Amino acid sequence: MGKATASLEHLFRVFTKPEGKDSKLAQIEEHLSDNLSDFLSQHVVTKAKSLEEIEQNFQDYKVPESPEFVTKHAEVLLEKVVSHSVNTYAPTFIGHMTSALPYFHLPLAKLLVGLNQNLVKIETSKAFTPLERQVIGMLHELVYSQSEDFYKSHLHSAKQSLGAFCSGGTVANITALWVARNKALAPNGKFRGVAQQGLAAGLKHYGYESMGILSSKRGHYSLSKAVDVLGLGREQMLTIDCLTQRLSPEKALAAGREFEQRGNKLLALVGIAGTTETGHVDPLDELADVAKELNCHFHVDAAWGGATLFSQRYKDKLKGIQKADSVTLDAHKQMYVPMGAGMVVFKNPEDSNAVRHHAQYILRAGSKDLGATTLEGSRNGMAMMVYASFNIFGRQGYELLIDQSIEKAHAFAQLIEEHEDFELITAPTLSLLTYRVKPSFVDAHCSKQSELLDKLNVAVQKQQREAGKSFVSRTRLAVEKYGLNPLTVFRVVLANPLTTEQDLINILQEQLQIAKLTKSWKELEDQALAQLKRSVG
Ligand SMILES: *Cc1c(COP(=O)(O)O)cnc(C)c1O
């Protein structure tokens, strides 16, 4: 093969001609569609290379001057990128919310990219606009179960929208709080609203010192990005300690009142349905009453846990979610849709109008263009992937997936509890739990030992990750049993339906093996021995 040269002829070929059957790219494609997990296990190296080493492959800071053949470049991608990416399909990768995807998404992704629709306006999306509205409507129904008439009149209405499709939970949360802010500082008399006149004018008009948002300490960091972007400032993100991992309605009410007594306005109370760190669900039903009492917007962040609503058996864990003014859900977490699919739904279809924006050349007043009420502009047709998933799995299919994840988490929790060298730290509400290595001879309440335990757990998590066979994540948590001092714990999300109980047993075994070889284990042993001698002597 010669060298590629920049010519219109070459470019024309790149735009229009598929690669030949025996080219590298065609081989990749075939392998991918034939057996994705085989492809990944062959091409993603398990032995970790340090980020610094990998950076060596990405040192060029100039756009290459001359072109490269597609097939040659495919080899470069395999070697530099694919091989050092993360195999999220591995059943022993149980540290994050990202997991294996069902097969059909691969050819659909090709279709999606091929069509290259832009959902910002109907002129560039046509059928995709009603499709996205329908998907939002389905999630709205899942949360709010309104009447048939309600959906008939609102699903495709040019005047309202039932929610917004976003790139993820972060933008969904920002959108919800953006709506809440614009409603709280709505046009009033001569005041033309915060959207027109800005925050300073809004606060002045309404006589507020400042505005804030309230959630538990377990709130996702996207909430603090939201108060920043919305001009309220991160200090106005009020968080409440929660050793039980759930926001106490009494504490929320007291904190809200105290905040308002200082001349501020509480913009929104945020309940979390499935916290990122422990998977707990706040008492949504009671928090809805608190929000009512405080006369503020009630938002539920169900980015991860929202899919539980598909399960008849477990949906009651989210009891009260239908009282929320807005709810965030991520389809790219427990709905097994590729990355880039978040949504916010509004109880009141009028709410989206608080952020409606028109422009002359598109998004004309009275049009059904989705871009008029979304934060993002150009967006792809990810809604099609959600639509396809909803149809291919059906509610019953999702129910099976959700139920088996939760049941697997309970089985894992039991394995941990029965093991003398492990300690369950937070039991699973949904399919997320935390635990740590705690050798049977350790007194975890002793502060010296508790420091060593943290060290031991950090070392085990790191070495296990580096060995490349399995992955759990870790975080620091304050829990009831040990008071306000946070502990280092392993965090496990049982998202991958392909993970078996045997995989979980193996993970514990590997962790124990690693732990026993660490310095911290030895030190803990020595300390325990010394203590024993003292108490005997
Ligand atoms: C994942 C998550 C988010 C953020 O969503 P992204 O899709 O990562 O932007 C927000 N809140 C909760 C509770 C989450 O689990």
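Residues numbered from 1 in each chain as written. Predicted model: local features only at pLDDT ≥ 70, side-chain atom pairs only at ≥ 80, totals over all residues. Heavy atoms only, no water.

(A) View of the pairing of strand E7 (residues 342–346). Counting buried residues in E7 gives five out of five residues, a clear majority hidden from the surface. The two faces of E7 match: Gly342, Val344 and Phe346 on one face and Met343 and Val345 on the other face are all buried. Where strand E1 (residues 163–166) lies against E7, four bridges are found, and the strand directions are antiparallel. Bridge pairing links cysteine 166 to glycine 342 in E7. As paired elements, strand E6 (residues 326–330) and E7 share five bridges and run antiparallel to each other. Across the sheet, threonine 328 pairs through a bridge with valine 344, a residue of E7. (Buried < 20%, exposed > 50% of the residue type's maximum accessible area, 1.4 Å probe, protein only. Helix = DSSP H or I, 4+ residues; strand = E, 2+ residues; numbered from the N terminus. Pairing = 2+ DSSP bridges.)

(B) Up close: empty space enclosed by the protein. Per the counting criterion, the structure on display carries two cavities of 30 Å³ or more. In this model, the largest cavity occupies a volume close to 80 Å³. Lining the largest cavity are Glu132, Arg133, Ile136, Leu155, Ser161, Leu162, Gly163, Ala164, Phe165, Leu370, Thr373 and Thr374. When its residues are assigned to classes, the lining of the largest cavity shows six nonpolar, four polar and two charged. Considering only enclosed or pocket space, the second largest cavity measures out at about 50 Å³ in volume. Arg133, Ala158, Ser161, Arg356, Ser367, Lys368, Asp369, Leu370, Ala372 and Thr373 together form the lining of the second largest cavity. Its residues assigned to classes, the lining of the second largest cavity comprises three nonpolar, three polar and four charged. (1 Å grid on protein atoms, 1.4 Å probe; cavity = no way out; pocket = protein on both sides within 12 Å on 5 of 7 lines; lining within 4 Å. Points joined across faces, edges and corners; volume = space filled by probe spheres on them. Nonpolar A, V, L, I, M, F, W, Y, C, P; charged D, E, K, R; others polar.)

(C) Representation of the site of the ligand within the structure. Taken together, 15 residues form the shell around the ligand, and within it Gly169, Thr170, Asp301, Asp330 and Lys333 come nearest. Measuring from an oxygen atom of the ligand, one finds a backbone N or O atom of glycine 169 at 2.8 Å. Separating a nitrogen atom of the ligand from a side-chain N or O atom of aspartate 301 is a distance of 2.6 Å. Here the ligand loses 86% of its free accessible area of 380 Å² to cover by the protein chains. Comparing atom positions with the cavity grids shows the ligand to sit within the second largest pocket. With three residues, helix H9 (residues 169–184) is the single largest residue contributor to the shell around the ligand. The class makeup of the residues in the shell around the ligand is three nonpolar, nine polar and three charged. (Near = heavy atom within 4 Å. Polar contact = N/O pair within 3.5 Å; in protein donor to acceptor, adjacent residues only side chain to side chain. Areas by Shrake-Rupley, 256 points an atom, 1.4 Å probe, with all protein chains shown as cover. Sits in = over half its atoms within 2 Å of the grid points.)

(D) View of the domain arrangement of the protein. What the domain assignment reports for the protein is domain 1 (8–87), domain 2 (166–345) and domain 3 (396–536). Spacing between the C-alpha centres of domain 1 and domain 2 amounts to 41 Å. (Domains from an automatic or database assignment.)

(E) View of the layout of surface pockets. Estimates place the volume of the second largest pocket at around 580 Å³. Lining the second largest pocket are 25 residues, with Met97, His220, Tyr221, Thr276 and Lys333 sitting closest to its centre. Of all the secondary-structure elements, those providing two or more residues to the lining of the second largest pocket are H9 and helix H11 (221–229). Counting residues per element, the lining of the second largest pocket draws most heavily on H9, at three residues. Per-class residue counts for the lining of the second largest pocket are six nonpolar, 13 polar and six charged.

(F) Molecular detail of the packing of aromatic side chains. Summed over the entire model, instances satisfying the criterion amount to 13 aromatic pairs. Taking the centre distance of 4.5 Å and the plane angle of 10 degrees together, the rings of phenylalanine 310 and tyrosine 398 count as stacked. Of the two residues, phenylalanine 310 is situated in the loop between strand E5 (297–301) and E6 and tyrosine 398 in helix H14 (residues 383–418); the sequence distance between them amounts to 88 residues. By relative accessible area, which is 6% here, phenylalanine 310 ends up buried. According to the relative accessible area criterion, tyrosine 398 is buried, its value standing at 1%. Centre to centre, the rings of phenylalanine 422 and tyrosine 435 are 5.9 Å apart; their planes meet at 55 degrees, and the pair counts as tilted. Residue phenylalanine 422 is found in strand E8 (residues 422–426), and its partner tyrosine 435 is found in strand E9 (residues 432–437); the two are separated by 13 residues along the sequence. Accessibility expressed as a relative area gives 6% for phenylalanine 422, which makes it buried. Residue class for tyrosine 435 comes out buried when judged on its relative accessible area of 0%. Chaining the aromatic ring pairs together yields one cluster made of Phe104, Phe310, Phe390, Phe393 and Tyr398. Here the guanidinium or amino end of arginine 436 rests over the ring plane of tyrosine 482, the centre of that ring lying 5.0 Å away. (Phe/Tyr/Trp six-rings, centres within 6.5 Å; stacked < 30°, edge-to-face > 60°. Lys NZ or Arg CZ within 6 Å of the ring centre and 35° of its normal.)

(G) The sheet that holds strand E11 (residues 483–493), seen in detail. If you walk across this open sheet you meet the four strands as E8-E9-E11-E10, and the pairing is antiparallel. With partners counted over all chains shown, the strands left at the sheet margins are E8 and strand E10 (473–479), one partner each. Neighbour-to-neighbour, the strand axes of the sheet open up by a mean angle of 45 degrees, direction not taken into account. In this sheet, E11 lies alongside E10 in antiparallel orientation, the contact comprising six bridges. Along E11, the bridge assignment pairs arginine 474 with phenylalanine 490. Along the sheet face, H14 touches E8, E9 and E11 and points at about 15 degrees away from the line of E9. Across the sheet, helix H15 (residues 447–467) lies against E9, E10 and E11, angled at about 20 degrees from E11, the strand it touches most. (Axes fitted to C-alpha atoms, helices over the stretch in contact; angles between N-to-C directions. Contact = heavy atoms within 4.5 Å.)

(H) Up close: the side chain of asparagine 182. Among the structural elements, asparagine 182 can be located in helix H9. Residue asparagine 182 is classed as buried on the basis of its relative accessible area, which comes to 7%. Within polar-contact distance, the side chain of asparagine 182 engages the backbone oxygen of alanine 354 at 3.0 Å. Not counting residues within four places of it along the chain, the set of residues in contact with asparagine 182 comprises Val194, Ala195, Ala354 and Val355.

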